[in-house]
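A closer look at the structure
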Amino acid sequence: MELPRPERWDLAGKRALVRVDFNVPVATVDGRLEVTDDFRLRAALPLFRDLIARGAQVVAATHFGRPKGHVVEEYSVAPIRRRLAELAPEVELMENLRFHPGEEANDRAFGESLVAGVDYYINEAFGASHRAHASIMIPPTLVPSAAGPNLAHEVETILSLLTNPQRPFVAIVGGAKVADKLGIVKVLVDKADTVIVGGGMAYTFEATQGRTIGSSLFNADYLEECGRLLATGKVVIPLDTRGLADGDPVGPSGGASEPIDFGANIPNHHEGFDIGAKSVALFEETIARARTILWNGPVGFFEDPRFLAGTAAVARAVATSSALSVVGGGDSVAALRQLGLEGEVSFVSTGGGASLELVEFGDLPGLRALRESPFA
Ligand code: AMP
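Predicted model only: the values in this text are computed from it and were never measured.

A separate point is the sheet that holds strand E11 (residues 241-245). The strand order across the open sheet built from three strands is E12-E11-E13, with neighbouring strands paired in antiparallel fashion. The sheet is open, and its two edges are formed by strand E12 (260-263) and strand E13 (270-275), each paired on a single side. Neighbour-to-neighbour, the strand axes of this sheet turn through a mean angle of 45°, independent of strand direction. Sheet topology places E11 next to E12; three bridges connect them, and they run antiparallel. Looking at E12, one finds that Gly 243 is bridged to Ile 260.

As C-alpha cells, this is what we get:
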C-alpha cells in the first residue's frame, strides 16, 4: 500500500503534529502516577529525532484511557509528559485528545483546532488508525500529511502476510466471541492454508459437528457460517476441552476446583475454558509445519492460571518456530510477555483492533485519510 511519507518535506522552521499512540500503562509510584512501560514512547524517538534534526518543532498528541469527552484528572497525560521529557525534552505533548468530545465524534472543528499553527501532520498511531476519530481523519484534509515509519512498517508487515506469504501459512484465531472474529476467519480461510480456531469462539464450530458443548460460549446465529467454514477443510478446531462445572469460580485469581478433562464432548451444566491435551498436540504439529504464522487471540481463559496451558502451548509453538510470525491483539501479546517470549516472534503488532481490521478489510480509515489527502 502506497502511503505518503515525510522524507521530502522541508521542515526547517516548521511545526509538525505527530499523532502517536501513547496509551501506555501507568501505576502509582511514591504517590504519583508514573509510566510503567515506556516502549511506545521509545518507539517514537527515531521519528522525533529525525524531524527535529531537519529543523522542525514537534508537537505530539495521543489518546489515553477512556475519559469519554470529559476532563478526568486520572487520564491526564501528565505522567506520560514527565517520561517523555526525559526521553525527548524538545517534544511538546498535548493534553489527552479524548478530553474533548470532538475527538471520538470526528468533529471537524476539533480537528481544525489541532492543526492551528501546524504545517505538517504525521500519523504514527497504527493502533488508533482503525478509528475514524478527529485527530486521525481531519488533519490530512488540512495540511500535508504522511505515515510515520512505525505505522508504515506495521502496515507493510501485515499486508505482506496476506499478499505473498511463504507457505504453509497457518493462522491461529482465538478469543471469546465468534461474532467478533468470524469476519477475520473468513478472510484467512481464503489467504492462509490452515486456520486454527480456539477459545470461546471454537464451541460454535464444535456444535456444528453434533458435539455437545454444555454451557460454553456459543452463538446460534453463526452455526451455519461456521459449518460452511469447516467444510472448506482449512479450519482446524479443538479435539478436546478442559473446564469446570457451572458455578465453579473462574478468573485471574484462579479457584479451588481442579479442571475437568471433558474429551470431545462437554456434558450439560459444564463449561469449557481451555483446549485439552489432544488439541495441544494437534495445534503444535500444525504450527510447527508453518512457514508463515499469524496469531491473534488466546485459545482459552488464559487469565486463570488453570486454563493458561493451551494458550501457553500456542505461544511456545509460535516462538520456537522459524517461520515469519506476527502476533497481534492485546491478549496474545500479554500471554507472550507473561511467558517471556515476546522477543522470540518476528513481529508484535501494537494495535490489536487495528491489526484485525487491517487483515479483515485490507485497509483502515486512518490509512485511507492519508492516501486521500488533497496534499498527497
Ligand atoms: P477477545 O477479547 O475476543 O480477543 O477474547 C479474549 C478473551 O477471551 C480473553 O479474556 C479470554 O479469557 C477469553 N476466552 C478465551 N477462551 C475462552 C473460553 N473458552 N471461555 C471463556 N472465555 C474465553
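Having put the structure on the table, let's press on.
So, about the site of the ligand. Taken together, 15 residues lie around the ligand, and Ala 176, Lys 181, Gly 200, Gly 300 and Glu 303 are the ones closest in. Between the ligand and Gly 200, the relevant distance is 3.1 Å, taken from a nitrogen atom to a main-chain nitrogen or oxygen of the residue. Tyr 203 is positioned such that a nitrogen or oxygen atom in its side chain is 3.2 Å from a nitrogen atom of the ligand. Considering the ligand on its own, with 500 Å² of exposed area, one finds that the protein chains cover 80% of that surface. Counted by class, the shell around the ligand contains seven nonpolar, five polar and three charged residues.

Quick look at the nonpolar core now. Within the largest apolar cluster, 58 residues are counted, with the highest numbers of intra-cluster contacts made by Val 185, Leu 188, Val 195, Val 197 and Phe 205. The two domains that each donate at least three residues to this core are domain 1 (15-149 + 364-371) and domain 2 (167-322). Setting aside residues no more than four positions away along its own chain, Phe 205 makes contact with Val 178, Leu 182, Val 185, Val 197, Cys 226, Leu 229, Leu 230, Val 235 and Ile 237.

Here the chain is partitioned into domain 1 (15-149 + 364-371) and domain 2 (167-322). One C-alpha centre belongs to domain 1, the other to domain 2; they are set 36 Å apart.

Bringing the packing of aromatic side chains into the picture now. Inspection of every chain in the model, using the stated rule, returns five aromatic pairs. Look at Phe 22 and Phe 48: their rings are 6.4 Å apart centre to centre, the planes differ by 85°, and that puts the pair in the edge-to-face class. Of this pair, Phe 22 sits in the loop between strand E1 (15-19) and strand E2 (26-29) while Phe 48 sits in helix H1 (residues 39-53), placing them 26 residues apart in sequence. With respect to burial, Phe 22 and Phe 48 carry one shared label: buried.

A separate point is helix H10 (residues 223-231). When H10 is considered as a whole, its buried residues turn out to be Glu 225, Cys 226, Leu 229 and Leu 230. The buried residues of H10 occupy an angular sector of 140° when projected down its axis, which confines them to one face. Along H10, exposed side chains directed more than 90 degrees from the buried face belong to Glu 224 and Ala 231. The inward-facing, buried residues of H10 abut helix H8 (178-191), helix H9 (202-207) and strand E10 (235-236). Taken from the residues just after H10, Gly 233 is the one with a positive phi, measuring 80°.

What you see with strand E6 (residues 120-123) is no split at all: Tyr 120 and Ile 122 on one side and Tyr 121 and Asn 123 on the other are buried throughout. Across four bridges, E1 lies against E6 in parallel orientation. Of the residues in E6, the one forming a bridge with Arg 19 is Asn 123. Where E6 lies against strand E7 (residues 145-147), three bridges are found, and the strand directions are parallel. Across the sheet, residue Tyr 121 finds its bridge partner in E7, namely Ser 145.

Looking at the secondary structure, you find Asn 96 in the loop between strand E5 (92-93) and helix H3 (101-104). Asn 96 sits 34 residues away from Thr 62 along the chain, and the two C-alpha atoms are 6.0 Å apart. Those residues in contact with Asn 96 that sit more than four places away from it in its chain are Thr 62, His 63, Phe 64, Pro 67, Tyr 75 and Val 77. Among the polar contacts made by the side chain of Asn 96, one reaches the main-chain carbonyl oxygen of Tyr 75 at a distance of 3.0 Å.

A few words now on the side chain of Glu 154. Looking at the element boundaries, Glu 154 is found in helix H7 (residues 149-163). Buried Glu 154, no salt bridge; nearest opposite-charge side chain is Arg 40, N-O distance 8.2 Å. Contact partners of Glu 154, with chain neighbours within four places excluded, come to Phe 126, Phe 347, Ser 349, Thr 350 and Gly 351.

Scoring rules and cut-offs
- Residues numbered from 1 in each chain as written.
- Predicted model: local features only at pLDDT ≥ 70, side-chain atom pairs only at ≥ 80, totals over all residues.
- Heavy atoms only, no water.
- Pairing = 2+ DSSP bridges.
- Helix = DSSP H or I, 4+ residues; strand = E, 2+ residues; numbered from the N terminus.
- Axes fitted to C-alpha atoms, helices over the stretch in contact; angles between N-to-C directions.
- Near = heavy atom within 4 Å.
- Polar contact = N/O pair within 3.5 Å; in protein donor to acceptor, adjacent residues only side chain to side chain.
- Areas by Shrake-Rupley, 256 points an atom, 1.4 Å probe, with all protein chains shown as cover.
- Nonpolar A, V, L, I, M, F, W, Y, C, P; charged D, E, K, R; others polar.
- Core = buried A, V, L, I, M, F, W, Y, C linked by side-chain atoms within 4.5 Å.
- Buried < 20%, exposed > 50% of the residue type's maximum accessible area, 1.4 Å probe, protein only.
- Domains from an automatic or database assignment.
- Contact = heavy atoms within 4.5 Å.
- Phe/Tyr/Trp six-rings, centres within 6.5 Å; stacked < 30°, edge-to-face > 60°.
- Arc of directions from axis to C-beta.
- Lys, Arg positive; Asp, Glu negative; His and termini not counted.
- Salt bridge = Lys/Arg side-chain N within 4 Å of Asp/Glu carboxyl O.

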